[in-house]
Each structure stands twice: as structure tokens, then as C-alpha cells.
Amino acid sequence: MIRKSILLSFSCLFVTLAFGQKVLSVEGTVREGTEAIPGAIVRLYPAEAIEISNDNGFFRFGRLTPGQYRLEVSLLGYKPYSDTLTVTNQGLRLDIQLEEAVNLLTREVIVYGQNTETISGKLNDVSGTAIYASKKTELINVRNLNANLATNNTRQIYARIPGLNIWEYDRGGLQLGIGGRGLSPNRSSNFNIRQNGYDISADALGYPESYYTPSAEALDKIEIIRGAASLQYGPQFGGLVNFVMRRGPRNKPVEFTSRQTGGSFGFFNSFNSLGGTVAKDKLNYYAFFQYKRGDSWRPNSHYTQQNGYLHLAYDLSPKLKITGEYTRMNYLAQQPGGLTDAQFAEDASVSVRARNWFQVDWNLASLNFDYIIKEGTRLNWRSYTLQGSREAIGALTYINRPDFGVNRDYMVDRYSNFGSELRFIHQYKLGNQIDQTFLIGTRLYKGLTVRKQGDGNNGDGPDFAFLDAEPNKSSFRFPGDNLAFFAENIFRLNKNWSVTPGARFEFIDTKATGFYFEQNKFIPNEKIFETRANPRTFLLLGIGTSWKFDKGAELYANISQNYRSINFNDIRVANTNARVDPNLTDETGFNVDVGLRGTFENWLYADVSLFYLKYNDRIGSIFSTDSSFMTYRLRTNVSDSRNLGLEVLLDGDILRAISHGKSKYKLNLYASLSLIDARYVNTKNTAIANKLVENVPPVLLRTGLSAGTQRFNLTYQLAYQTKQYSDATNTEQTPTAVDGAIPAFSVMDLSASYNWRVFTLYAGVNNLANTRYFTRRADGYPGPGILPADKRNFYLTVQFKI
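Thresholds, definitions, all that
- Residues numbered from 1 in each chain as written.
- Predicted model: local features only at pLDDT ≥ 70, side-chain atom pairs only at ≥ 80, totals over all residues.
- Heavy atoms only, no water.
- Helix = DSSP H or I, 4+ residues; strand = E, 2+ residues; numbered from the N terminus.
- Buried < 20%, exposed > 50% of the residue type's maximum accessible area, 1.4 Å probe, protein only.
- Contact = heavy atoms within 4.5 Å.
- Areas by Shrake-Rupley, 256 points an atom, 1.4 Å probe, with all protein chains shown as cover.
- Lys, Arg positive; Asp, Glu negative; His and termini not counted.
- Charge placed at Lys NZ, Arg CZ, Asp CG, Glu CD.
- 1 Å grid on protein atoms, 1.4 Å probe; cavity = no way out; pocket = protein on both sides within 12 Å on 5 of 7 lines; lining within 4 Å.
- Points joined across faces, edges and corners; volume = space filled by probe spheres on them.
- Nonpolar A, V, L, I, M, F, W, Y, C, P; charged D, E, K, R; others polar.
- Pairing = 2+ DSSP bridges.
- Core = buried A, V, L, I, M, F, W, Y, C linked by side-chain atoms within 4.5 Å.
- Phe/Tyr/Trp six-rings, centres within 6.5 Å; stacked < 30°, edge-to-face > 60°.
- Lys NZ or Arg CZ within 6 Å of the ring centre and 35° of its normal.
- Polar contact = N/O pair within 3.5 Å; in protein donor to acceptor, adjacent residues only side chain to side chain.
- Axes fitted to C-alpha atoms, helices over the stretch in contact; angles between N-to-C directions.
- Salt bridge = Lys/Arg side-chain N within 4 Å of Asp/Glu carboxyl O.
- pLDDT = per-residue confidence, 0-100.
- Patch = residues over 30% accessible without salt bridge, like charges linked within 9 Å, V, L, I, M, F, W, Y side chains within 5 Å.

### Re the overall build of the protein chain
Line of reasoning, step 1. Helix and strand content of the protein chain: 5 helices and 45 strands.
Line of reasoning, step 2. Structurally, the protein chain occupies a C-alpha span of about 120 × 70 × 50 Å along its principal axes.
Line of reasoning, step 3. For the protein chain, buried positions account for 56% of its 802 residues.
Line of reasoning, step 4. Considering only contacts in the protein chain between residues 6 or more positions apart, those separated by 24 or more positions represent 68%.
Line of reasoning, step 5. By element, 60% of the accessible surface of the protein chain is carried by carbon and sulfur atoms, the whole surface being about 32,300 Å².
Line of reasoning, step 6. Distance between charge centres in the protein chain, computed from 89 positive and 75 negative side chains, equals 5 Å.

### A word on empty space enclosed by the protein
Line of reasoning, step 1. Enumeration over the complete set of coordinates arrives at 16 cavities of 30 Å³ or more.
Line of reasoning, step 2. Its boundaries defined by the atoms lining it, the second largest cavity holds a volume of some 360 Å³.
Line of reasoning, step 3. Every residue lining the second largest cavity is counted, 25 residues in all, and those nearest its centre are Tyr169, Asp170, Gln335, Pro336 and Pro782.
Line of reasoning, step 4. Per-element accounting of the lining of the second largest cavity gives the leading share, 4 residues, to strand β23 (residues 320-335).
Line of reasoning, step 5. Partitioning the lining of the second largest cavity into residue classes produces 12 nonpolar, 8 polar and 5 charged.

### Details of the environment of proline 784
Line of reasoning, step 1. Locating proline 784 in the fold gives a position in the loop between β43 (774-778) and β44 (785-788).
Line of reasoning, step 2. With 445 residues separating them in the primary sequence, proline 784 and leucine 339 have C-alpha atoms 7.6 Å apart.

### Some remarks on the sheet that holds strand β12 (residues 137-140)
Line of reasoning, step 1. Pairing within the open sheet is mixed, and its 6 strands lie in the order β9-β12-β17-β18-β15-β16. Either end of the sheet is taken by a strand with one partner, and the two such strands are β9 (120-121) and β16 (198-199).

### Regarding the nonpolar core
Line of reasoning, step 1. In terms of nonpolar packing, the biggest core is built from 58 residues, with Tyr158, Ile222, Phe243 and Trp362 touching the most fellow members.
Line of reasoning, step 2. For this core, the leading source of residues is strand β24 (residues 356-374), giving 4 residues.
Line of reasoning, step 3. Counting residues in hydrophobic clusters, the runner-up holds 20 residues, among them Ile37, Ala40, Val73 and Ile96.

### Examining the packing of aromatic side chains
Line of reasoning, step 1. Under the counting rule described, the total for this entry stands at 24 aromatic pairs.
Line of reasoning, step 2. Here the aromatic rings of phenylalanine 590 and tyrosine 612 are separated by 6.0 Å at their centres, their planes lie at 35°, and the arrangement is tilted. With a gap of 22 residues between them, phenylalanine 590 in strand β33 (residues 587-600) and tyrosine 612 in strand β34 (residues 604-625) connect regions that are remote in the sequence.
Line of reasoning, step 3. The structure contains a cluster of three or more aromatic residues connected by ring pairs, namely Tyr207, Tyr211, Phe358, Trp362, Tyr415 and Tyr781.
Line of reasoning, step 4. Lying across the ring of tyrosine 207, arginine 451 places its NZ or CZ 4.8 Å from the centre.
Line of reasoning, step 5. Arginine 597 extends its terminal NZ or CZ atom over the ring of tyrosine 556, reaching a point 4.0 Å from the ring centre.

### Focus on the side chain of aspartate 586
Line of reasoning, step 1. Residue placement: aspartate 586 occurs in the loop between β32 (578-580) and β33.
Line of reasoning, step 2. Classification of aspartate 586 as buried rests on a relative accessible area of 15%.
Line of reasoning, step 3. Here arginine 536 takes part through its side chain, which lies 3.0 Å from a polar atom of the side chain of aspartate 586.
Line of reasoning, step 4. Polar contacts involving the side chain of aspartate 586 include one to the side chain of tyrosine 563, which spans 2.3 Å.
Line of reasoning, step 5. Not counting the four nearest positions on each side in its chain, aspartate 586 is found in contact with Asn534, Arg536, Tyr563, Arg564, Ser565, Ile566 and Asp617.

### A look at the sheet that holds strand β3 (residues 41-45)
Line of reasoning, step 1. What the 4 strands build is an open sheet, ordered β4-β3-β6-β7; its pairing is antiparallel. Bordering the open sheet on either side are β4 (49-52) and β7 (81-87), each of which pairs with just one other strand. Across the sheet, the mean angle from the axis of one strand to that of its neighbour is 20°, orientation sign disregarded.
Line of reasoning, step 2. Judged from the 7 bridges that link them, strand β6 (residues 67-74) and β7 form a sheet pairing that is antiparallel. Note on β7: the bridge partner recorded for leucine 71 is aspartate 83.

### Quick notes on the side chain of arginine 776
Line of reasoning, step 1. Within the element layout of this structure, arginine 776 appears in strand β43.
Line of reasoning, step 2. Buried within the structure, arginine 776 lacks any salt-bridge partner; aspartate 779 is the closest side chain of opposite charge, at an N-O distance of 5.7 Å.
Line of reasoning, step 3. Arginine 776 has contacts with Trp167, Tyr169, Asn186, Ile742, Tyr781, Pro782, Gly785, Ile786 and Leu787, leaving out every residue within four places of it along the chain.

### Regarding the confidence of the model for the protein chain
Segments scoring low in pLDDT should not have their predicted coordinates read at a detailed level.
Line of reasoning, step 1. Across the protein chain, pLDDT averages 88, with 91% of residues at or above 70.
Line of reasoning, step 2. Considering only residues more than four positions removed or in separate chains, one finds that residues 1-21, a stretch of pLDDT under 50, has 1 contact.
Line of reasoning, step 3. Between residues 103-116, whose pLDDT stays under 50, and residues either more than four places distant or in other chains, the model counts 54 contacts.

### Points about a nonpolar patch on the surface
Line of reasoning, step 1. A surface patch of nonpolar side chains, amounting to about 720 Å² of accessible area, comprises Phe712, Leu714, Tyr754, Trp756, Phe759, Leu761, Leu796 and Val798.
Line of reasoning, step 2. Secondary-structure elements contributing two or more residues to the nonpolar patch are β38 (712-721), β41 (745-756), β42 (759-766) and β45 (793-801).
Line of reasoning, step 3. Its place among the elements puts leucine 796 in strand β45.
Line of reasoning, step 4. The class of leucine 796 is partly exposed, set by a relative accessible area of 44%.

Structure, rendered in C-alpha cells:
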């Protein structure tokens, strides 16, 4: 009995001591502005403890005793941070701010496994072998979005990019259609579209349309540089869109992610990825495979897609890194065609075309060498190739006439492109001992498009073949050569003020050789052979300046020349709904930006800017009538145009502002607004003078609210845009529906997510109010006519990650 009492007394004493002693800890979050930084190395002395900040920038040291400690934080590309801490009986909660180290060019900063808290932002002044100082840049952290990524929902993904006009007609997210500042969204052809820095469009020189869109589920971020990107990335008026793919985590040998999505109208998507770092931390790898299928809410609209990607990056030495990548994508889609205005008003769900099919096959490969010559000096050499095709068969007759089941029109393109880009960047000091940055580079590109058009069979299926051995409409080869040299320099005049001039020299040679058939009263079907060549050289100049205030705000301005070379590809396409002026000329002009941006009070990111875009000899669409009184869209040099606008992005965490960064909850409010006045000028044609430029909504607003915790998130979004037109004459309505007004509309989306251990659920409703609207009138595939946007639809994604 005495022995039991003694044991009970010691047990009670042990429990009292164990639970009475408070466990002390030091924990915190590593950030740059409001953006969390994962992968930072955090050291605590004299405890000799090391932690790495997690995906949310969080770290924690436990089991500490009261006393003095020294905390050090380091991460490549940022200035070292250190502080002396006094740990009391309450422990410590820290919010650590790291500053970018602009003088470090020893290695491109790539954060593996990043999952930042913020979604929007801007690019650093210098990143890798690129200069972004003084330019209008935008950043989308895709992996932090609560959106329908399985369908690449463009309206949600690009919500925080002001001024983007989005064509919504493709529920599966197979093709991307965005245009900025009054430029056509047609397959994003006014942007230079890249993946990890290399071209992915059909032919970046001769036919810059995008038939391949990287899977949003595999994206780390999207980088956008507006018109001033012309100096480094090509002369396009729209600028650059660069899709940065995910990489394997740096601190794991294997990470597996599986995302399975089901949705309305038979939608199913399976995305599976594998990544990690092996071979003594020298080899980083990432690979995924995606299968997608579904039907739209309209009949005759089934699609299937397969998409695969492999990334291998190996550190041959501390100074030399080699990276190889390969992408394979193919899809087959049945297209329900367009509608007339009357059909859309009566029942937008109908389809009057049952025999239209579209098929794409895409092969991309790249090889990249990154060499550090010495601290502050590095060389990058990137080479790539595209081997791809697109095929279309269907009835492209006027949509207000029935399909009588005759032979369909068949068109096939084959693309074979090669490119190589060499960049050298160097930091040096001038008399003021402030680091300056110099960049020089060259680009060699060779593209070839082989296009054939003729009669296909009169069947209903995807029979991609000509009736005869030789196409009976046209057959052409469109080779193109491009050699460019570019240079930029950041002159930092003091710690606040910098000036960045730049120049780009271009040699472009586009050619066409082949034949087409022409109907005339003397020879019913005359075969005409044609050979064309258009070599030209030109010089583009630009300059930017920036003033950085001490509290994180930046005033920036830039002006850059732009140039768009015409291509021969579209000139000989036979299409009853559209014709192309054979005497098209190149377009010239310039972009101007003036803006204020930055992170304010550590909770709000803002970018407010004015832009002016001058377009000389702008190629546009004019509503026309032929001798038989049938209407068609004429593509020609309409006249000069000028686009003037205001772009505003506000993105902030309200609870973080109220609690001074101490709240564990989030209430994020964002608004993306553009006001644009785009008109045709300098023309004597009264049908066009002072008319609104087509595809430009004067007001475009996207705003949303996102609330939640580390585990749960609920996001609501509203998108609104005003009335716009599809042609330069501002036609309200036409019998064929190819040209006419695109009415104003608003559409809402709701998304939710919940994380539990290795599982995450995503669910949502797109077009919450079931709004009937459309964003595009097409003159060819996937029309012609009005292409209705999706009605209300649902999705559910289950993610498993280990």
C-alpha cells in the first residue's frame, strides 16, 4: 500500500512538471512585401538549429529556453537578414522581410515548391539574363489561384491583368484567346507566346497564332511584359506572355501529385505529375501527363486531349547548368459552329453544323545552357524547335444557310520551326560605385509553314484527307528567316533613380511559293502559280526610367517602338465569309507607359498606369458586300489608330491591414479595371474615321473577394465589360453574323477549396447566374458566326499529393 502511494505521488509530480513547464518557440513567416518566400534557410544560434521556410514561408523552432538568440535568414537572390532575439516565457512570432539583392547574378533565382500567398505582382528589375526595369510587367502566381484550372478557365486565371479582352468559346481550354490594349484576341497572336522562355506559337515569324496552351495545373506562374518587351522578345505590339512551368521540389527526391476532376457536360480531367531532386542534388526533374475529355452544352461539340511534359535540369558544375524539356500535346475537337443573331436570341444551345472537326498535334523541344562566368556575369544559350500540325474539316458556308451535306472544306498546316537565342548579362560599376547592368543578345529563327486547302469528303466524321491527290484550292510553302540583335542597359544614377535605354535590330525575310485556283469567266478553274519574297531590316529604339521611393513604391515610364510584319499565310485562304487584301503592308507604331506601382503598408499591391498605343497602317476588318450582295469581312490596312487608356490593379488583404499582419485569416479584395478609348484616325474614309477599333471594350472590370484560412478558401469573382464591335465600321448586325456588335455582359464565378493533410478538394460554379452572352463573332473556324460562351457549369477536383 505504501509502495503504491509513493509511485502515485511520483507520477503526479512528473505529470505536474511535464505539463506545467511551458514549451517556448520562435516561429514566423519570411516574406518579400506581402509575398511569402519558401525555401529560405533560417538558422538559430546558439541552438545550432536550421529550418527551411515551407510553401507558405513559415518556419518554427521549438523546445527553446528563455534567453538571447541570433537569427539568420539567407536565400540566393536576396540580401542576408540577421537579428538578435530575446526569448521570454511567451515565445516569439516574427514577420521577416527580405530585400532583393540586385547585384547578385550568380545564379537565376528559382524557388522550388513555391506556393506564395499573393497572386499578383511584378517582375524583378533583373531576372536571370533578362532586364525588366522600368517596364510594365505583371505576374500571376498560378499555383495560388482558387479557380477552375482543369479547364484553363481564362476569365479566372487572368482576372488580375487589366485590359485583357478574352475570347470565351472553348470550354476545354484547348486554345488561348487574349488581347491587350485594343489588340485582337485571335489565338493571342498579338503577344509573343513562350513557355519557359522559348516560342510555342505556330510560327512566331509568319503565323504567330497559338494552338497549344500549357496546362494551368502544371504552371508555376505567368509572366506578362507589355509593349516595351519589343526590345528583347520581338517587335509585337502586345508584348510577351511567358508560361513558367513547375519544377520538382528541391528538398525532396520524389513528389507525386494526382488531380482528378469531373464536371458538367461529361467533363473529365486526369492530371498526374512526378518531380524531385536526385543525384546528390544535381538533377532536378518534373514530368506530367494529362488526359481531358468532355462535351460542351451545345450538341456536336465533343473533345479529347492528351498532354505530356518532361523537364530535366542538371548541374554539370557549380557554374554550368544544362536543361532539357519536351512537350507533346494533341487533341481532337468537334466544333458546333456559330449562330446568327436571331438563333442566339431564340436558343443559344442549338447547333446548325454537325460536320466540323479540328485536330492539333504539337511537339516542342528545348535545350538550355546557363553558365556563370563570374559573380555578376553570366551567359545563357537557349535553342528550341516546334514540329506540329493543325487540321480542319467542315462546312464554312454562310451560317444563315443550311449545310446541304456537300463536300466539306479541308485545310491542313504543317509547322517546322527552329530557333536559338544567346544572351549575355554583366554587372559593372560606374563612378558612383552603384551597380549597373548591361544585357546584349542575338536571336536566330527559321520557320516553315506548309499549307494546303481543298475539298474533303461529304461525311460527318473527322476524315482529314483530300478527295484528290492534289488539293483543288491552294498549296503553299511559307518559309521565313529572322536574325535579331538587341541590347539594354540599366543606368542606376543613384539609389532611387534608374534609366534603361535599349535597341533592337531586325532582319526579316518572309516568302511564299505555291499555287492557287481562281474562278473567272474565261477559265472556270484556273491554276495560278505564285512566288513572293519580302526581305526587310529595321531598328527599334526604346527608353525607360524608374524612381523607387524608400517605402516600396515605384514611379515608372517607358516608350518603345513596335513593328508587326505581315505574313502571306492568310492571303490565299478560300473562305466565303472573309477575304484578305493581297496588298497588305507591315504595321508600325509605338507603346508608351506611365505608372505608379508597389506594395503599400505591407498589405496592398497596386499598379495604376496610363498607356498610349499608336498603330500605323493598322490591319483590321471591314464589313463589305460583294457583287451578289453577300456580306463578308475584308482584312486590310484600315488606317492609323490610337489607343489611350487607364489600367488599374488593386489587390490587398483587408484583415492583414486591420490586424497589422497578425490575423491568421485572410480577406483578399482585388479589382482590375481598364478604361480604353481606341479609334481610327488619319483617314478620309468617312465609314471608318473616328470609329471605335474592333475588339476593344471601352470599360472592362474584373473584381473579386477571397476569404479563408491556411486550409479553406472561398473565392467570388465578377467580370463586366461594355459593348464592343467586331469590325472597323462598327456595324450593329449582319445577316451572316460574322460582323456586328458584341453586347455588354457581366458574369460571375464561385470557387472553394479545402485542404486536409495530403488531400485537397476544389469545387466551383462558373457562370453562376447562368448569363447568356458571347465574346466573339468568327469568320472561320470554329464558326462562322456568333460563338456562345458557356452556360452555368460545375466542377469538382480531388487532389492527392505526397
